[in-house]
Amino acid sequence: MIEITQGATALLNGVRATENIPPSYGLRFYSEQDGAGADAVGIAFAKAPAEGDEVVQHRELPVYVAPEVAQELAGAVLDVEGTDESSQRFVIRAT
């Protein structure tokens with residue numbers, strides 16, 4: 001299962017507060033295509049897991065992982081790149 005760093009958790013909590021996302025919503029990882037049509041991992045807040053999602057509680061955050069990306073994310077880490085708030089972005093790193 002993917003790990004989430006403290007920095008990523010803090011940024012997620014900031015997004016949640018800014019966007020008025022209820023604390024009961026979890027973070028969902030799923031498969032999508034990027035702008036070039038390549039397979040990518042999407043990340044979004046979701047009210048509930050989709051059917052077949054793996055569900056874990058990570059710190060104070062429920063995490064839902066779609067089955068099509070579960071193996072790819074096993075052992076990975078969601079982290080943050082960038083030093084100031086305006087340039088921060090999420091990255092997924094293999095461990």
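The text that follows walks through the structure, step by step, so that each part is easy to find.

Quick look at the nonpolar core now. Core analysis: the biggest nonpolar cluster contains 19 residues, and Ile2, Ile4, Phe29, Val65 and Leu78 have the highest contact counts within it. Of all elements in the fold, only helix H1 (6-18), strand E2 (26-33), strand E5 (61-65), helix H2 (67-73) and strand E6 (77-81) reach the threshold of two or more residues within this core. Excluding residues that lie within four positions of it along the chain, Leu78 makes contacts with Ile2, Glu3, Ile4, Thr5, Ala8, Leu12, Leu27, Phe29, Ile43, Phe90, Val91 and Ile92.

So, about the sheet that holds strand E4 (residues 54-58). Spatial ordering of the open sheet is given by E3-E2-E5-E4, a layout of 4 strands whose pairing is mixed. The open sheet terminates on both sides in strands that have one partner only, identified here as strand E3 (39-46) and E4. Along the sheet, successive strands turn relative to each other by an average axial angle of 25°, direction set aside. As paired strands, E4 and E5 are joined by 5 bridges and run antiparallel to one another. Bridge assignment links His58 to a residue of E5, and that residue is Leu61.

Below, the discussion takes up the sheet that holds E6. Pairing in this open sheet of 3 strands is mixed, and the strands run E1-E6-E7 from one edge to the other. Looking at strand neighbours, the two that pair on one side only are strand E1 (3-4) and strand E7 (89-93), the edges of this open sheet. Strand direction decides the pairing type here: E6 and E7, joined by 5 bridges, are antiparallel. Of the residues in E7, the one forming a bridge with Glu81 is Arg89. On the sheet, H1 packs against E1, E6 and E7 and is oriented at approximately 75° with respect to E6.

Conventions adopted
- Residues numbered from 1 in each chain as written.
- Predicted model: local features only at pLDDT ≥ 70, side-chain atom pairs only at ≥ 80, totals over all residues.
- Heavy atoms only, no water.
- Core = buried A, V, L, I, M, F, W, Y, C linked by side-chain atoms within 4.5 Å.
- Buried < 20%, exposed > 50% of the residue type's maximum accessible area, 1.4 Å probe, protein only.
- Helix = DSSP H or I, 4+ residues; strand = E, 2+ residues; numbered from the N terminus.
- Contact = heavy atoms within 4.5 Å.
- Pairing = 2+ DSSP bridges.
- Axes fitted to C-alpha atoms, helices over the stretch in contact; angles between N-to-C directions.

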